[in-house]
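# Working through the structure, step by step
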There are 2 protein chains.
Amino acid sequence: MDKVGIKEIAEKSGVSLTTVSRYFNKPHLLSKKTKDKIQATIQELNYSQDNVARILVTGKSNLVGIIFPQLHLSFYTELLNQLIQYGEEKDYSFIVYTSRDTREEELAMIDRLKSYRVKGIVLLSHILSPSDIEKLDVPIISIERSGGNYCQINSDNYTGGKLAGEKLIEDGCEVLIHINNGYYENWPSFKRIVGFELAVRNMPHETIIQEDLTDPYSEIASKAMSAIVGTLLDKYTDKKIGVFCSNDDIANMLQRDCIRRGIKIPENIEIIGYDNSPVSDYAIYPITSIDQNIPLMAQIAINSLETYIAHENVVAATLIPKKTTL
Amino acid sequence: MDKVGIKEIAEKSGVSLTTVSRYFNKPHLLSKKTKDKIQATIQELNYSQDNVARILVTGKSNLVGIIFPQLHLSFYTELLNQLIQYGEEKDYSFIVYTSRDTREEELAMIDRLKSYRVKGIVLLSHILSPSDIEKLDVPIISIERSGGNYCQINSDNYTGGKLAGEKLIEDGCEVLIHINNGYYENWPSFKRIVGFELAVRNMPHETIIQEDLTDPYSEIASKAMSAIVGTLLDKYTDKKIGVFCSNDDIANMLQRDCIRRGIKIPENIEIIGYDNSPVSDYAIYPITSIDQNIPLMAQIAINSLETYIAHENVVAATLIPKKTTL
DNA sequence: TTGAAAGCGCTAACAG
DNA sequence: CTGTTAGCGCTTTCAA
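Since the model is a prediction, treat every value here as computed from it, not as a measurement. (Residues numbered from 1 in each chain as written. Chains lettered and ligands numbered in written order. Predicted model: local features only at pLDDT ≥ 70, side-chain atom pairs only at ≥ 80, totals over all residues. Heavy atoms only, no water.)

## Details of the UniProt feature "domain: HTH lacI-type" (unreviewed entry) in chain A
- Per the UniProt record, the feature "domain: HTH lacI-type" (unreviewed entry) sits at residues 4-58 of chain A.
- Regarding residues 4-58 of chain A, the helix share stands at 71% and the strand share at 0%, and the terminal C-alpha atoms are separated by 21 Å. (UniProt positions renumbered as here; feature names shortened; annotations may be inferred. Helix = DSSP H or I, 4+ residues; strand = E, 2+ residues; numbered from the N terminus.)

## Comments concerning the protein's contact with DNA strand D
- As a structural note, the neighbourhood of DNA strand D is formed by 23 residues, with A:Thr18, A:Thr19, A:Thr34, B:Ile6 and B:Tyr47 the closest of them.
- A share of 58% is what sugar and phosphate atoms reach among the atoms of DNA strand D within 4 Å of the protein.
- Of all the secondary-structure elements, those providing two or more residues to the surface near DNA strand D are helix 2 (17-25) and helix 4 (51-58) of chain A together with helix 2 (17-25) and helix 4 (51-58) of chain B.
- Looking at the surface near DNA strand D, the element that brings in the most residues is helix 4 of chain B, giving four residues. (Near = heavy atom within 4 Å.)

## Side note on the packing of helix 1 (residues 6-13) of chain B against helix 2 of chain B
Residues and elements named next belong to chain B.
- Contact geometry for helix 1 and helix 2: axes closest at 8 Å, N-to-C directions at 110°. Comparing their axes, helix 2 and helix 1 come out roughly perpendicular. Contacts from Ile6, Lys7, Ile9 and Ala10 in helix 1 reach Leu17, Val20 and Ser21 in helix 2.
- Split by residue class, the contact of helix 1 with helix 2 holds five nonpolar, one polar and one charged. (Axes fitted to C-alpha atoms, helices over the stretch in contact; angles between N-to-C directions. Parallel < 35°, antiparallel > 145°, perpendicular 65-115°, else oblique. Contact = heavy atoms within 4.5 Å. Nonpolar A, V, L, I, M, F, W, Y, C, P; charged D, E, K, R; others polar.)

## Focus: the protein's contact with DNA strand C
- Taken together, 23 residues surround DNA strand C, and among them A:Ile6, A:Tyr47, B:Thr19, B:Arg22 and B:Thr34 come closest.
- Of everything in DNA strand C that lies within 4 Å of the protein, sugar and phosphate atoms constitute 60%.
- Between DNA strand C and A:Thr18 there is a distance of 3.3 Å, counted from a base nitrogen to a side-chain nitrogen or oxygen.
- Within the side chain of A:Asn25, a nitrogen or oxygen atom sits 3.0 Å from a phosphate oxygen of DNA strand C. (Polar contact = N/O pair within 3.5 Å; in protein donor to acceptor, adjacent residues only side chain to side chain.)

## Focus on the state of the cysteines
- Following the criterion strictly, the structure yields zero disulfides over all chains and no others.
- For A:Cys173, which is in no disulfide, the shortest distance to another cysteine sulfur is to A:Cys258 and amounts to 12 Å.
- When its relative accessible area of 3% is taken as the criterion, A:Cys173 is described as buried.
- Here B:Cys245 is not cross-linked by a disulfide; its sulfur's nearest cysteine counterpart is in B:Cys258, at 9.0 Å.
- Exposure remark for B:Cys245: the relative accessible area of 0% places this residue in the buried category. (Disulfide = S-S within 2.5 Å. Buried < 20%, exposed > 50% of the residue type's maximum accessible area, 1.4 Å probe, protein only.)

## Let's talk about the interface of chain A and chain B
- Tallying the contact residues gives 51 residues for chain A and 51 residues for chain B.
- Buried surface at the junction of chain A and chain B, summed over both partners, amounts to about 4,800 Å²; 58% is from carbon and sulfur atoms.
- Three residues stand out in chain A for area buried against chain B, namely A:Tyr116, A:Tyr282 and A:Ile284, and they jointly supply 16% of the buried area on that side.
- Here chain A is connected to chain B by six salt bridges.
- Ionic pairing is found between B:Arg112 and A:Glu88, a salt bridge with its closest N-O pair at 3.4 Å. (Buried area = accessible area lost by both parts, 1.4 Å probe. Salt bridge = Lys/Arg side-chain N within 4 Å of Asp/Glu carboxyl O.)

## Description of the sheet that holds strand 10 (residues 288-291) of chain B
Residue and element names in this part refer to chain B.
- Taken together, five strands build an open sheet; the order of strands is 7-6-8-9-10 and the sheet is parallel. The sheet is open, and its two borders are formed by strand 7 (205-209) and strand 10, each paired with just one other strand. Neighbour-to-neighbour, the strand axes of the sheet open up by a mean angle of 20°, direction not taken into account.
- In this structure, strand 8 (residues 241-245) lies alongside strand 9 (residues 269-275), joined through four bridges in parallel fashion. Residue pairing across strands places Gly242 opposite Glu270, the latter belonging to strand 9.
- Each of strand 6 (175-180), strand 8, strand 9 and strand 10 is contacted by helix 11 (residues 248-261), which is oriented at about 160° to strand 9, the strand it contacts most. (Pairing = 2+ DSSP bridges.)

## Some thoughts on the relation of the copies chain A and chain B
- Superposition of chain A onto chain B requires a rotation of 180° combined with a translation of 0.0 Å along the rotation axis, giving an RMSD of 0.1 Å. Interpreted geometrically, this transformation is the action of a two-fold axis. No C-alpha of chain A lies nearer the rotation axis than that of A:Ile95, which sits 2.3 Å from it.
- Here 100% of the interface residues in chain A have copies in chain B that are interface residues too; the copies meet face to matching face. (Least-squares fit on C-alpha atoms with pLDDT ≥ 70 in both.)

## Points about the domain arrangement of chain A
- Examined at the domain level, chain A breaks down into domain 1 (6-49), domain 2 (63-155 + 295-317) and domain 3 (157-291).
- Using C-alpha coordinates to define each centre, domain 1 of chain A is positioned 36 Å away from domain 2 of chain A. (Domains from an automatic or database assignment.)

## Quick notes on the pairing of strand 8 (residues 241-245) of chain A
All names here are of chain A.
- Of all five residues in strand 8, five are buried; the element is thus mostly enclosed.
- Burial along strand 8 is two-sided: the residues Ile241, Val243 and Cys245 and Gly242 and Phe244 are all buried.
- Sheet topology note: the strand 6 (residues 175-180)/strand 8 ladder contains five bridges and is parallel. The residue bridging Val175 from the neighbouring strand is Ile241, located in strand 8.
- Traced from strand 8 through helix 11 (residues 248-261) to strand 9 (residues 269-275), the parallel crossover comes out right-handed. (Right-handed = clockwise from strand over helix to strand, strands pointing away.)

## As for unusual backbone geometry
All names here are of chain A.
- In the segment running from Ile265 into Pro266, the intervening peptide bond is cis, with an omega of 0°.
- Summarising the element assignment, Pro266 is placed in the loop between helix 11 and strand 9.
- Residues other than glycine seldom take positive phi values, yet Glu144 does so here, at roughly 60°.
- Within the secondary structure, Glu144 is located in the loop between strand 4 (140-143) and strand 5 (151-154).
- Judged by its relative accessible area of 8%, Glu144 falls in the buried class.

## Focus: the side chain of A:Glu144
Residues and elements named next belong to chain A.
- Of note is the side chain of Glu144, whose polar atom sits 3.1 Å from the backbone nitrogen of Ser155.
- Only 3.4 Å separates the side chain of Glu144 from the side chain of Asn157, close enough to count as a polar contact.
- Ignoring sequence-local partners within four residues, the contact set of Glu144 consists of His126, Ile153, Asn154, Ser155, Asn157, Pro188, Ser189, Arg192, Gln292 and Met297.

In structure tokens, the structure reads:
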């Protein structure tokens, strides 16, 4: 079963290689008659194109790499979903990786993507430093990162945090809590905390950082959440507690723990999440969530990549909307 | 910024192209001295390999395609997760698609994967018929399908359904219900129903098919589930109801509806899911679930692909474990 | 232990 | 509108 190539179909149709190539790439240059002949042969031999050869010669592919920290967070799953769907329209294909632990492994991963000549990489992982990323000679679209001089898409974390705080106060919460699984001050998501703390600065409030919550679908996260809820209840008996969680999965975990304990939602504890991923709508009691507009994020990611490519010869810096904030 | 290739590093190291190529592919044939020289130059020029050219000439890639029906079901997400992680060890990269609506679109999708010279395709979508699949000239590993003459991995649905029924009876349920989002009799998952119905044949039982449950994270599914629970409660007041759901997400949705209504779990309704995906462990009340052993499935999928490839010259039929049942 | 030369399957000038 | 020619960056005989 030898691969049938452009050559065979050229011979069978009595035309040259070039003409067949043009059938695919510049069909408007061919006469109807030739086109028909070629099409017939293609059908007959059941030919399908070889993208690998095409990529090699043009130097351009429609492959895009994505590196997620993990796939368990519903924000990531949903973003992947949206990227695949939107990418499909534009004929992009995605190579998906989940991040490794070390900087070296991650750089190797990116090298692997480059070796497939990906058009660009959507980066959600947080392992590399901005300067690492700037050195890479592939277009990078980073999501929820900031600091470096490359294309970045973020939601307006500051306003998000602020809105959450204000809403909880408005709803009569007497103590305001933020639960987060960890941050660095140069991450955009740090601003969720800043915004929230600003909003609640005149009220009793507390920020709880617990790294064990990072993978919400783990025993360790469940235990950590349970401990947090226990402490909060002891400390703030008889007060209405308002909790802003750094993502929807954590919010969901919190709600779960409250329900198990028979705590009334939202009478005793009111919860707000971040992301507006599907999990927030389909919790036992749908959870209010700060919207990241995941579908739009996916679209902007793809579109930025196209802008990137379109202007790669020009001094890119001036043309690409480097920082997009939703 | 021209791409540095094998050629540049050959010149700089004072050796031939071939030698540099061998540095990567048959290093044992080179003298230590040459190797060192080449390595130094590689570092110096920051060279990285070009897989595209390599694939073109060898005809073999480490790309694997995956086609999911959708990404919302936790079984799919978790399988993807496991495939990526296990594949990483073996240096495979995955191109991920979600399925389209029609047979033609799906065939086009597969053609697209072929055009990237994927080593094989892991197929979870159910659109194509077994004979469609047999005609494809790419190795296909199908999961939860049966009927055709190609590599298939299934869990033992029959026993799974049976176990679920038996467990519910053992736990004192008086009415046995199966909730499913739809099936064809030639799908392996149909056997879940058969096994379950066998187990409960001497008890009052009922099988509910509701296609609206297919995407559990949709308004329409929530409504459908709510309607089902309402009907069940009306019909079987005061009886302990045992429900076997066709997947964990449906089970989770059911639990959610019950909790909202204040129904006691498991006193009034007892739930069993299928898949043993993370969602079953992290429901409000962890849900008993029939294990599909997703990590093992991922491993077998990859390994089957390797077996496939290794023996592609031989009459494959006799060598490949066509049907694997977990 | 190394090199020269011939492609892999396709596209892109350039020339009719 | 169509064909000729020269590669893309690499691997692989074959020969030294």
